[in-house]
Amino acid sequence: MTGAPTPQGKSTASSGAVSTDTATPDAPSPRSIPSPGPATSPAAPVDHGDVPARGRLSRSVAFGAIAAVFVLFMAASSAPSPLYVVYQHEWSFSASMLTTVFAVYVVGMIGALLVLGALSDHIGRRPVLLAAIALEAVAMVLFIAAGDVSVLLLARFVQGIATGAAMTTLGATLVDLNPPHAPHRAGVITGAAPTFGLGLGALGCGFLVQYGPHPTRLVYWLLLGGLVLAGALVAALPETVRGRPGAARSLQPRLGVAPRLRADLIALVPILVASWALGGLYLALGPSVAVGLFGLSSHVIGGLVVTLLCVPASVTAFALRGWPTERTLALGAALLVLGTAIGLTGVQEDSVTTAALGTAVAGVGFGAAGLASFGTLARIAEPAERGELFAVAFVISYLAFSIPAVIAGFATTDVGLHRTAVVYSSAVIAFGALALVAQRLRTGRARRAA
């Protein structure tokens, strides 16, 4: 969410998911998906039960550790959001430069997704995660040292690379470690962790900026300490995949989705675009909207704007974990449309209460959309396909998260914040409606095939 949102399956996500219920009409039967053994799939999870090897965490503890690391990365990605207003005041840069700072993060992230998305399928999850944590720590040091916008740009770019490398691997690792007795759990965490982390990072930073010392540095020192702990946890993880040849070749920038998965992914594109574009608006311009349109200058309020979207999303991902994918996707799209429309009404009527209500409703839709989208991906992909599939999904999500927000930042300079917010919200509503149509067509196709 400045990063995003989550940007998420990311892996899984980023940007999240839900029901792995194969009994739903749109879910492929377990018999329709081959389940290769170690001889045919060298990237298949290495299953030693829950008995840890010497010096390693048990699989159940490792699952919790990976979920915590996921939250940490997303909290770090949204922490700069409440600080943008502070940076802008101290260094006197324009709204266009503000969204450029936002954009370089996403450029770094998408580059990492394209180049590194499948690397963990070849060399293992743990090495990729350790490298991503180390690079994220470098970004925190750059934030601490930043004295002008050029260093801030570099810090965000480095952070984008680190987050992109981490997200697909974190999502794939959650699926690898998913306990057999709780088949929905990886999808739920993938849906809830990114949004919870984004909300936590923005709100926590808002409080530190408003009431703590050294407002532009303290939050990064705290995050740096968290990364040290994360590195220790990841170093103790059990490796969940067997290495396989082709690591160097996997670094060639490409997006690949197995033919049998493409129809499901294409049907998810409108809901991914609608939800992540909305997240990009709040993370890039939310605090500015609070100040510029509603006159709310508190840094806590700036963080709360993001939290109002992200916390309902996180709660929704947990609450709807047992729902069928079809129903959850439909609910997500409908509430994205409704919540964005209510928020737009608040902007038009200059009503903070109405805008806040719309944000919360849209947040529920955001959570449902992420839960079902990434839950679908987690369910349909085989172990050797997860890294690449999540990489493709997150590239789509973060393009939607960044490009409209950057355009909005430049538009703000030319046509004003109010008109930009109106046009942006209208576009989100249109994509939400398109998502409803896409899911109806997908469901009908699945029923005819059945």
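So, how was this worked out
Residues numbered from 1 in each chain as written. Predicted model: local features only at pLDDT ≥ 70, side-chain atom pairs only at ≥ 80, totals over all residues. Heavy atoms only, no water. Core = buried A, V, L, I, M, F, W, Y, C linked by side-chain atoms within 4.5 Å. Buried < 20%, exposed > 50% of the residue type's maximum accessible area, 1.4 Å probe, protein only. Contact = heavy atoms within 4.5 Å. Helix = DSSP H or I, 4+ residues; strand = E, 2+ residues; numbered from the N terminus. Polar contact = N/O pair within 3.5 Å; in protein donor to acceptor, adjacent residues only side chain to side chain. Patch = residues over 30% accessible without salt bridge, like charges linked within 9 Å, V, L, I, M, F, W, Y side chains within 5 Å. Areas by Shrake-Rupley, 256 points an atom, 1.4 Å probe, with all protein chains shown as cover. Salt bridge = Lys/Arg side-chain N within 4 Å of Asp/Glu carboxyl O. Axes fitted to C-alpha atoms, helices over the stretch in contact; angles between N-to-C directions. Parallel < 35°, antiparallel > 145°, perpendicular 65-115°, else oblique. Left-handed = near helix turned anticlockwise from the far one by under 90°. Nonpolar A, V, L, I, M, F, W, Y, C, P; charged D, E, K, R; others polar.

## Regarding the nonpolar core
Item 1. Counting 108 residues, the largest nonpolar core has Met140, Tyr220, Trp276, Leu377 and Tyr398 as its most contacted members.
Item 2. Tyrosine 220 has contacts with Pro80, Leu83, Tyr87, Met140, Phe143 and Ile144, leaving out every residue within four places of it along the chain.
Item 3. Residues Ala192, Ala317, Leu320 and Leu371 belong to the second largest nonpolar core, which totals six residues.

## Side note on the environment of aspartate 148
Item 1. Relative to the assigned elements, aspartate 148 resides in the loop between helix 5 (125-145) and helix 6 (149-177).
Item 2. Separated by 55 residues in sequence, aspartate 148 and phenylalanine 93 place their C-alpha atoms 9.9 Å apart.
Item 3. Side chain to side chain, aspartate 148 and serine 150 meet in a polar contact 2.4 Å long.
Item 4. A distance of 3.2 Å separates a polar atom in the side chain of aspartate 148 from the backbone nitrogen of valine 151.

## A few points about unusual backbone geometry
Item 1. A positive phi angle is found at histidine 214, which is not glycine, with a value near 50°.
Item 2. Checked against the element boundaries, histidine 214 lands in the loop between helix 7 (185-211) and helix 8 (218-235).
Item 3. Its identity as a non-glycine residue notwithstanding, aspartate 350 has a phi of 55°, on the positive side.
Item 4. Looking at the secondary structure, you find aspartate 350 in the loop between helix 12 (325-349) and helix 13 (352-380).
Item 5. Judged by relative accessible area, aspartate 350 falls into the exposed class, the value being 51%.

## Some details on a nonpolar patch on the surface
Item 1. Taken together, the side chains of Phe431, Leu434, Val437 and Leu441 define a hydrophobic patch exposed on the protein surface, amounting to about 370 Å² of accessible area.
Item 2. Along the chain, the position of leucine 441 falls in helix 15 (residues 417-449).
Item 3. According to the relative accessible area criterion, leucine 441 is exposed, its value standing at 57%.

## Some remarks on the packing of helix 5 against helix 8
Item 1. Relative orientation of the contacting elements helix 5 and helix 8 amounts to 165°, with a least axis distance of 9 Å. The angle between helix 5 and helix 8 falls in the class roughly antiparallel. Between helix 5 and helix 8 lies a crossing whose hand is left-handed. Only Tyr220, Trp221, Leu223, Leu224, Leu227, Ala230, Gly231, Val234 and Ala235 of helix 8 make contact with helix 5, whose side of the interface consists of Arg126, Leu129, Leu130, Ile133, Glu136, Ala137, Met140, Val141, Phe143 and Ile144.
Item 2. When the residues that make up the contact of helix 5 with helix 8 are grouped by side-chain class, the tally is 16 nonpolar, one polar and two charged.

Bear in mind that shape data such as this cannot, by itself, settle questions of function.
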